[in-house]
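Structural overview for review
Here are the chains, one letter per residue:
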Amino acid sequence: MMGDMSWSAGDFYIENFTGNLNTGNVGHDQEMYSALSRRSAQDRRQTTDEYVRYLSPEILRNASQTFVPPENFKKMTRVAESGVVMLVDRKGAGVRTVALKLLHDHVDGGEVHHLLGDFNFRSWRPSRHGVRGFLAEGTLGGMVMEPLALDFLAGELKKAGGLLVVVLPLKDELAVKRSNSSKFTPIRCMPPSGVSVLRAHCAVRLGDRAEADRFIDELPAGFLDNLLAPGSTPGAALEVLEILVSFRESGTLSADPASYVLGELTAMAEADISDRFDSVVLNARELGYIVAAAAFSGEGEHVISTLAERLFDEIKKSRNSVSGNIDESIRLEFYEHFGLRKEVIHSPGQAPSTRVLFARPMWTLAILRYVWRKAGIDRAMARWLHGVDDDWLAERAGWALAQSAASKPGTGMLRDVRACAVVDGSTPCAVASAALRTLLPNPETARDAIGLLNLWASSNRIAYRHTVALACGSQTGAAPVRLALPILRRLIVASEIYPNIAVDRAVDEAMLAVFLHGDRSAYLEQLVSWPRSDGAESMYIARIVPRLLLQESSWFEYCSNDSDTFEIIADVITLAIRARENGRLLDVVRRWRRSAIGDQSRLETIDALLFAVEEDPHPNIRRFMRSLGSHE
């Protein structure tokens, strides 16, 4: 059994609803029907029908104040002119907020009734006594199914100047039946971005939009975008907002907001996911799907299904470690139980595609950490991730593999990562390197990860050194400069003893990636601090500087206007020329200077840099300048 899938009243507005938090003032104990007890007896116009309740204007105002329109809201307002709008979506997509907003705009201060439970629409007619809005939601067994009856009901609503908004769960029988009808087809709500929802609610919560914008803009760049990725529900945005506001009020947020929020969300998610796993017995196929969806969240449905089948095969090999009966089918309730969402993506000129997402932030992390702790299943997961054979999935596979470290403290922390690095093929190295790069920023795992990278950087085993280079930087990511450069320096020294073309190429790509994605001034400062001799490091500087300059000449040019950076850039170019005869750098500098002809300011900046380099009396510098001058 999947257990009770409903929400109870309390912090949420409605009992037995789909769990949407988009309109909520979470934590304020504001129940949907609280207005009934606050209104005076004279004003209390609740009907005698036990299935009808008054919907307070406060709820409608709250929904309107924090409303962020979904992509297809204009279509909904057009349909509302017919008198009946049917909205449908999975929980948390903001569909109830849309319903309240439509009613708020239509009634213009008029009364709204909430039609509850198993309401019988066959005998119901809209009131003409000031009630202009009606909200119906949940599974409505008495809802008319016949098109003629629904047409008649819409006509009665138009005569009364009323609007009926019906909110249906995605799997509701009526939604399925009406989806094939050309009229009154349920409209699926396309939720707005989580960040926009958070901003709207934050403005209401703080009472000042400018203050709310300042508060959000002070957060680390990209933090909210990464946390509330496309597909996040409005409810997820409110979870994040509640944590942010609570830390703001306690005065502790300024220290490290990202760590605070991530820590709270992680703890909440792990507790929630643990409860959900404990309340249901999953079969092997369902377990494979939930893990694949967590590891590769955001990928297409076909990709997730294919990966899930591979994991399913691995889990079957460990059947004696899987509790419960093995059933080969996936139950519909399984998707909702774990907050899985399928979002249709429309791209111009291409057929629509579907990607798999989770409704709540941090659930993917919580699912993986929970499963890694399960004996038997962890072996299946390790074999599965080691065998991912698509380069473009390696980064996410490595992130999923890195979560195994949390379940194996001590000497076994990096066991699965070590094993992955020595699996035959190039992709396992990429997976292991992505796992190590994931572990570097985490204080609990950074020491072990750095120790392993330094050890492998001097190894005679090609797979280890290749993994280290990829971990420092690749096309899919880069480690911080302060960590990556010392490790790459070890690789460069080792390359003299154990030369290998593939490793050398990976080192070059890593050096470029770290420069492009990291603190460039700190990067150049580290290069300048390397030994000034004819050793491997010095020769490598002569090799990498032309590539950096060719790739980012505009940055070098711009930063040369700053006195501190100017000196560092001049020193790096000087070191590259001193190391050896450098025809490659000569070609790059000629091209750079030629591009500035016609722009006096640019030309003066480049020449000032070259004049500073020319002050060094080294013979290689003099030859370089003579060659440059003769060409000019």
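Cut-offs and rules
- Residues numbered from 1 in each chain as written.
- Predicted model: local features only at pLDDT ≥ 70, side-chain atom pairs only at ≥ 80, totals over all residues.
- Heavy atoms only, no water.
- Helix = DSSP H or I, 4+ residues; strand = E, 2+ residues; numbered from the N terminus.
- Buried < 20%, exposed > 50% of the residue type's maximum accessible area, 1.4 Å probe, protein only.
- Contact = heavy atoms within 4.5 Å.
- Areas by Shrake-Rupley, 256 points an atom, 1.4 Å probe, with all protein chains shown as cover.
- Core = buried A, V, L, I, M, F, W, Y, C linked by side-chain atoms within 4.5 Å.
- Arc of directions from axis to C-beta.
- Pairing = 2+ DSSP bridges.
- Phe/Tyr/Trp six-rings, centres within 6.5 Å; stacked < 30°, edge-to-face > 60°.
- Salt bridge = Lys/Arg side-chain N within 4 Å of Asp/Glu carboxyl O.
- Patch = residues over 30% accessible without salt bridge, like charges linked within 9 Å, V, L, I, M, F, W, Y side chains within 5 Å.
- Lys, Arg positive; Asp, Glu negative; His and termini not counted.
- Charge placed at Lys NZ, Arg CZ, Asp CG, Glu CD.
- pLDDT = per-residue confidence, 0-100.
- Expected span 1.5 Å × (residues − 1).
- Polar contact = N/O pair within 3.5 Å; in protein donor to acceptor, adjacent residues only side chain to side chain.
- Axes fitted to C-alpha atoms, helices over the stretch in contact; angles between N-to-C directions.
- Parallel < 35°, antiparallel > 145°, perpendicular 65-115°, else oblique.
- Nonpolar A, V, L, I, M, F, W, Y, C, P; charged D, E, K, R; others polar.

Let's shift gears to the overall build of the chain. Secondary structure assignment for the chain yields 30 helices and 10 strands. For the chain, the proportion of its 632 residues judged to be buried stands at 53%. The long-range share in the chain, meaning contacts at least 24 apart out of those at least 6 apart in sequence, stands at 72%. Total accessible area computed for the chain in this model is approximately 28700 Å², and 49% of it derives from carbon and sulfur atoms.

Bringing the nonpolar core into the picture now. Judged by nonpolar contacts, the single largest core of 157 residues is most densely connected at Phe-277, Ile-290, Phe-296, Met-511, Tyr-523 and Leu-524. For Phe-296, the residues in contact, after removing those within four places along its chain, are Ile-304, Leu-307, Trp-384, Leu-385, Val-388, Leu-393, Arg-396 and Ala-397. Membership of the second largest hydrophobic core comes to 24 residues, among which are Val-85, Val-98, Leu-163 and Ile-187.

Within helix α8 (residues 209–217), burial applies to Ala-212, Phe-215 and Ile-216. Seen from one end, α8 has its buried residues packed into an arc of 95 degrees, which puts them on one side.

Right, let's talk about the pairing of strand β5 (residues 163–168) for a bit. Along β5, 6 of the 6 residues are buried, which leaves the element largely enclosed by surrounding structure. In β5, alternate side chains face the same way, and those of Leu-163, Val-165 and Val-167 on one face and Leu-164, Val-166 and Leu-168 on the other are all buried. Of the pairings in the sheet, the one linking strand β2 (residues 84–88) to β5 comprises 5 bridges and is parallel in character. Paired with Val-84 across the two strands is Leu-164, which belongs to β5. In the sheet, strand β4 (residues 131–137) pairs with β5 via 5 bridges, with the strands oriented parallel. Across the sheet, the residue bridging to Phe-134 is Leu-164, located in β5.

Tallied over the full model, the rule gives 9 aromatic pairs. Ring centres of Phe-515 and Tyr-523 lie 5.1 Å apart, and the angle between their planes is 65 degrees; on these two criteria the pair is classed as edge-to-face. Both residues of the pair, Phe-515 and Tyr-523, count as buried. Note on Trp-555 and Phe-556: the rings are 5.1 Å apart at their centroids and 85 degrees apart in plane angle, and the pair reads as edge-to-face. Each member of the aromatic cluster is reached from another via a ring pair, and the members are Phe-515, Tyr-523, Trp-555 and Phe-556.

Turning next to the pattern of salt bridges. Under the counting rule described, the total for this entry stands at 22 salt bridges. For the salt bridge of Arg-276 with Asp-272, the shortest nitrogen-to-oxygen distance reads 3.0 Å. Here Asp-272 and Arg-276 lie together in helix α11 (residues 257–278), a separation of 4 residues that amounts to about one turn. The exposure class of Arg-276 is buried, given its relative accessible area of 14%. What makes Asp-272 partly exposed here is its relative accessible area of 28%. The partner of Glu-509 in a salt bridge is Arg-547, and the shortest N-O contact between them spans 2.8 Å. With Glu-509 in helix α23 (residues 501–517) and Arg-547 in helix α25 (residues 536–551), this residue pair connects regions lying 38 residues apart in the sequence. For Glu-509, a relative accessible area of 31% translates into the label partly exposed. Arg-547 gets classed as partly exposed once you look at its relative accessible area, which sits at 29%.

Here we come to a negative patch on the surface. A surface patch of like charges, here negative, comprises Asp-519, Glu-525, Asp-562, Asp-564 and Glu-567. Mapped onto the elements, Asp-564 comes out in helix α27 (residues 563–579).

Quick look at the pairing of β2 now. Counting buried residues in β2 gives 5 out of 5 residues, a clear majority hidden from the surface. Two elements, β2 and strand β6 (residues 187–188), share 2 bridges in a ladder whose sense is parallel. If you follow Leu-87 over to β6, its bridge partner there is Ile-187.

This part covers the environment of Gly-155. Among the secondary structure elements, Gly-155 is positioned in helix α5 (residues 147–159). The spatial distance from the C-alpha of Gly-155 to the C-alpha of Ser-82 is 7.9 Å, given a sequence separation of 73 residues.

This part takes up the confidence of the model for the chain. Note: predicted coordinates in regions of low pLDDT should not be interpreted at a detailed level. For the chain, per-residue confidence averages 78 on the pLDDT scale, and 78% of positions sit at 70 or higher. Mean pLDDT values for the elements of the chain range from 30 in helix α1 (residues 34–38) up to 95 in helix α21 (residues 462–472). The model gives residues 1–48 a pLDDT under 50, and that stretch makes 107 contacts with residues more than four places away or in other chains. Ignoring residues within four places in sequence, the model shows residues 321–326, a span with pLDDT below 50, making 11 contacts including any to other chains.

Right, let's get into α23. Taking 1.5 Å of rise per residue, 17 residues should cover 24 Å, and α23 covers 24 Å from first to last C-alpha, within 8% of that figure. The set of residues buried in α23 consists of Val-503, Ala-506, Val-507, Asp-508, Ala-510, Met-511, Leu-512, Ala-513, Val-514 and Phe-515. Sitting at the head of α23, Asn-500 places a side-chain oxygen 3.0 Å from the backbone nitrogen of Ala-502.

The next subject is the environment of Val-613. Tracing the chain through its elements places Val-613 in helix α29 (residues 600–614). With 36 residues separating them along the chain, Val-613 and Ile-577 place their C-alpha atoms 9.2 Å apart. When sequence neighbours within four positions are dropped, the list of residues in contact with Val-613 reads Ala-570, Ile-573, Thr-574, Ile-577, Ile-621 and Met-625.

Turning next to the packing of α23 against helix α24 (residues 520–529). In the contact formed by α23 and α24, the axes pass within 7 Å of each other and the chain directions differ by 135 degrees. Overall, the two elements α23 and α24 adopt an arrangement that is oblique. Contacts from Met-511, Val-514, Phe-515 and Leu-516 of α23 reach α24 at Arg-520, Tyr-523, Leu-524 and Leu-527. Tallied by class, the residues present in the contact of α23 with α24 amount to 7 nonpolar, no polar and 1 charged.

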